[in-house]
Amino acid sequence: MIIIQSERDLIALALALLPLDSALSIAEKAICKGIKRLKNDSLIYEVHASIVAGHDPLGDAFARIRPAAVRRADGATYTPAPIIHSMMTWAASEGSPARVVDAGAGSGRFLLAAGVQFPKAHLVAVEYDPVAVLLLRVNLTAAGLMDRSTIIVQDYRLAELPTIKGKTLFIGNPPYVRHHLIDEGAKRWFADTAAGFGVKASKLAGLHIHFYVRTLELARPGDYGAYITSSEWLDVNYGSTLRKLLANELGGVALHVLDPAVMPFSDATTTGAITCFRVGRRPKQFRVRAVESLEQLNELSGGRLVPWSTVAAANRWSIIIRPGAAVPDGYIELGELCRVHRGSVTGDNDIWIAGEHTQGLPIDVLTPTVTKARDLIRAGDTLTDEMGLRRVVDLPADLDELPASTLASVKRFLLWAKKHGGDQSYTARNRRAWWSVGLKAPAPIMCTYMARRAPAFVRNLCDARHINIAHGLYPREPLSNRELDALAGWLRHNVGVESGRTYAGGLTKFEPKEIERIQVPKLEQLIA
């Protein structure tokens with residue numbers, strides 16, 4: 001392991017590994033300004049030898065020095081070598097590309113492998129982070145690949161590729177950045193570009209889905225690729241953009257879903273998905289499989305073939321990977337008993353959750369609400385007292401419904417809220433009235449849905465409301481307290497993390513439809 005304590009020292013080491021006449025980009029020059037080359041011949045030799053041997057000591061040091069939480073904001077997670085090897089072997093089985101493009105190249109792990117696998121291919125790295133670019137440049141230089149490489153320091157969605165003769169292989173680990181950190185201009189580009197392929201795009205899509213769309217925009221029929229990402233797009237609504245593209249122009253070939261234990265990303269416990277595609281050449285059947293260990297990767301050669309008609313009939317793709325077991329005798333899906341709804345989105349908790357800024361408001365517009373998962377976890381089996389809950393400003397869309405004695409203080413609050421941007425969030429701008437959070441009716445059972453543990457199912461005996469940190473279970477037909485208690489108790493003792501999806505950082509998440517698909521005994525068995 002390289003003993004480097006800071007990014008500044010890492011940059012100094014990188015400079016020492018580069019020839020003096022190396023042509024750095026403007027962004028690289030900016031981060032190198034004022035930093036002198038490291039003078040430690042033994043360390044420089046050690047690192048150079050490690051790179052030549054096929055390792056990535058600089059990338060490893062970067063991942064250690066810049067905390068995972070910081071890198072996740074840029075979507076920078078580094079892929080382990082066995083996964084890269086399997087993806088590259090699959091790519092080689094498809095032929096020899098004239099060019100290899102790594103979108104979001106990081107320190108160049110995929111390109112270093114591609115340089116060995118495809119000795120005649122031109123290598124193109126697209127990377128936005130100048131520190132990663134500098135490390136990438138060192139790796140390509142030390143490996144003797146720089147003379148057939150191009151480095152583009154730019155957002156992949158803006159990068160242009162020259163037209164070439166021959167196939168292009170697109171391969172890599174597109175950055176995972178949630179939609180909250182993507183600006184409106186980029187979301188408009190995403191929607192417009194997807195529409196050009198006849199597909200609707202959601203503004204809730206993460207950056208990795210943007211990269212797939214840009215790849216299709218840059219690619220030509222006959223090009224092919226393999227990307228590894230978080231697997232959440234298999235089931236969520238915004239993932240339908242990618243699912244539809246794979247079923248059509250992007251040409252889905254195979255999908256390998258990696259168990260979190262495989263650690264598809266070196267510093268994030270999450271379910272990963274490797275997607276293989278041939279642009280404009282979708283095969284008649286889609287190859288799918290679940291991978292539970294690195295040994296099972298088998299260079300992406302395994303899996304079962306599923307007709308595209310079966311894939312098209314599925315509204316989520318995880319059931320294609322792991323078809324659900326038949327419902328046992330005497331059991332039904334929870335959705336037959338209850339609808340499951342996520343709580344209301346405030347748009348800005350700092351404004352709509354009560355605090356010092358709401359002291360002038362009357363108590364009748366401040367509603368006791370579950371605003372944190374720990375409210376439910378702390379409650380145990382039952383939530384019986386609203387006193388420990390925070391309150392949410394819950395106003396009607398028509399303010400004239402409020403009594404005259406209340407209206408003046410509410411209007412003062414709304415002036416304050418507007419001054420602090422309460423009307424500017426995406427949620428507020430899409431409500432009937434920007435000030436009306438619209439809390440849902442009290443749910444007789446609430447549950448947490450994202451944690452490093454199984455969901456907490458809690459009977460709501462004090463008619464508390466909930467925001468979008470929890471789900472509410474609403475019976476389709478009236479249920480007695482005895483039946484509700486029995487149902488909540490059964491869920492509490494029988495639902496584990498395996499029923500949900502594991503995201504970056506080890507969090508397990510349950511979407512409302514996943515809760516509804518939980519198999520439960522029929523009511524008569526529950527209360528027997």
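Residues numbered from 1 in each chain as written. Predicted model: local features only at pLDDT ≥ 70, side-chain atom pairs only at ≥ 80, totals over all residues. Heavy atoms only, no water.

**Things to note about the overall build of the protein**
- A tally of helices and strands in the protein yields 21 helices and 22 strands.
- Here the C-alpha atoms of the protein give a radius of gyration of 26 Å, agreeing with the 24 Å that 2.2 N^0.38 yields for 528 residues.
- Across its three principal axes, the protein shows a C-alpha extent of roughly 75 × 55 × 45 Å.
- Counting across all 528 residues of the protein, residues that qualify as buried make up 55%.
- Within the protein, residue pairs in contact and separated by at least 24 positions form 73% of the contacts whose partners lie at least 6 positions apart. (Helix = DSSP H or I, 4+ residues; strand = E, 2+ residues; numbered from the N terminus. Rg over C-alpha atoms; globule rule 2.2 N^0.38 Å. Buried < 20%, exposed > 50% of the residue type's maximum accessible area, 1.4 Å probe, protein only. Contact = heavy atoms within 4.5 Å.)

**Quick word on the pattern of salt bridges**
- Summed over the entire model, instances satisfying the criterion amount to 16 salt bridges.
- Note that Asp375 is salt-bridged to Arg378, the shortest N-O span being 3.2 Å. Of this pair, Asp375 and Arg378 both sit in helix 16 (residues 373-379), three residues apart, roughly one helical turn.
- Residue Asp375 is classed as buried on the basis of its relative accessible area, which comes to 8%.
- The closest approach of N and O atoms between Asp485 and Arg459, which form a salt bridge, is 2.6 Å. Placement of the pair is Asp485 in helix 19 (residues 481-494) and Arg459 in strand 17 (residues 457-460), with a sequence separation of 26 residues.
- Judged by relative accessible area, which is 3%, Arg459 ranks as buried. (Salt bridge = Lys/Arg side-chain N within 4 Å of Asp/Glu carboxyl O.)

**Description of the side chain of Asp155**
- Position of Asp155 among the secondary structure elements: in the loop between strand 3 (149-153) and strand 4 (168-172).
- Judged by relative accessible area, Asp155 falls into the buried class, the value being 19%.

**Remarks on helix 1 (residues 7-17)**
- Burial analysis of helix 1 places eight of its 11 residues in the buried class, the great majority of the element.
- Looking at helix 1, one finds that the buried residues are Leu10, Ile11, Ala12, Leu13, Ala14, Leu15, Ala16 and Leu17.

**Considerations on the sheet that holds strand 14 (residues 390-393)**
- One open sheet holds the three strands; their spatial order is 14-12-18, and the pairing between them is mixed. In this open sheet, the two edge strands, each paired with only one partner strand, are strand 14 and strand 18 (465-466).
- Bridge analysis of strand 12 (residues 366-370) against strand 14 gives four bridges, and the strand direction is antiparallel. When the sheet's bridge partners are listed, Thr369 is paired in strand 14 with Arg390. (Pairing = 2+ DSSP bridges.)

**Observations concerning the nonpolar core**
- In this structure, Tyr156, Phe170, Trp233, Leu250, Leu255, Phe277 and Trp317 are the most contacted members of the largest nonpolar core, which totals 49 residues.
- No other element matches helix 10 (residues 207-218), which puts seven residues into this core.
- When near neighbours in sequence (up to four residues on either side) are disregarded, Phe170 contacts Val101, Tyr156, Leu161, Thr215, Leu218, Ala219, Asp223, Tyr224, Gly225, Ala226, Tyr227 and Phe277.
- By size, the runner-up hydrophobic cluster in this structure holds 35 residues, among which are Leu123, Leu169, Val253 and Leu300. (Core = buried A, V, L, I, M, F, W, Y, C linked by side-chain atoms within 4.5 Å.)

**Brief notes about the state of the cysteines**
- The final tally for this structure, using the stated rule, is zero disulfides.
- Not part of a disulfide, Cys447 finds its nearest cysteine sulfur in Cys338, a span of 10 Å. (Disulfide = S-S within 2.5 Å.)

**Observations regarding the pairing of strand 1 (residues 99-103)**
- The buried count for strand 1 comes to five of five residues, which makes it a mostly enclosed element.
- The alternating pattern of strand 1 places Arg99, Val101 and Ala103 and Val100 and Asp102 on opposite faces, both of which are buried.
- Here strand 1 runs beside strand 4; their pairing, made up of three bridges, is parallel. Pairing of Arg99 across the sheet is with Thr168, part of strand 4.

**Looking at the packing of helix 1 against helix 3 (residues 41-52)**
- Interhelical geometry of helix 1 versus helix 3 gives an angle of 75° and a closest axis separation of 10 Å. When the axes of helix 1 and helix 3 are compared, the pair comes out roughly perpendicular. Here Leu13, Ala16 and Leu17 of helix 1 come into contact with helix 3, specifically with Leu43, Ile44, Val47 and His48. (Axes fitted to C-alpha atoms, helices over the stretch in contact; angles between N-to-C directions. Parallel < 35°, antiparallel > 145°, perpendicular 65-115°, else oblique.)

**A closer look at the environment of Glu28**
- Positionally, Glu28 belongs in helix 2 (residues 26-32).
- For Glu28, a relative accessible area of 0% translates into the label buried.
- Discounting residues that sit within four places of it in the chain, Glu28 has contacts with Pro130, Val133, Leu134 and Arg137.

**Looking at the packing of helix 9 (residues 184-196) against helix 10**
- Direction vectors running N to C along helix 9 and helix 10 enclose 50°, while the axes themselves pass 10 Å from each other. By the angle class used here, helix 9 and helix 10 are oblique. Helix 10 is crossed by helix 9, and the crossing has left-handed handedness. Seen from helix 9, the contacting residues are Ala186, Lys187, Trp189, Phe190, Thr193 and Ala194; seen from helix 10, they are Ile209, His210, Val213, Arg214 and Glu217.
- The residue makeup of the contact of helix 9 with helix 10, split by class, is six nonpolar, two polar and three charged. (Left-handed = near helix turned anticlockwise from the far one by under 90°. Nonpolar A, V, L, I, M, F, W, Y, C, P; charged D, E, K, R; others polar.)

**Let's talk about the sheet that holds strand 11 (residues 338-342)**
- The strand order 11-19-15-17-13 describes an open sheet built from five strands, whose pairing is mixed. At either margin of the open sheet sits one strand with a lone partner, and together these are strand 11 and strand 13 (382-383).
- Here strand 13 pairs with strand 17 via two bridges, running parallel. Each residue of the ladder has a partner; that of Leu383, found in strand 17, is Asn460.
- Contacting strand 11, strand 15 (445-448), strand 17 and strand 19 (470-475), helix 19 crosses the sheet at an angle of about 160° to strand 17.

**Let's talk about unusual backbone geometry**
- We note that Leu300 has phi near 60°; this positive angle belongs to a residue other than glycine.
- Along the chain, Leu300 falls in the loop between strand 8 (285-291) and strand 9 (304-307).
- Residue Leu300 is classed as buried on the basis of its relative accessible area of 4%.
- Here the phi dihedral of Asp463 falls at roughly 55°; this positive angle occurs in a residue that is not glycine.
- Mapped onto the elements of the fold, Asp463 is located in the loop between strand 17 and strand 18.

That's the geometry; what it means functionally is another story.
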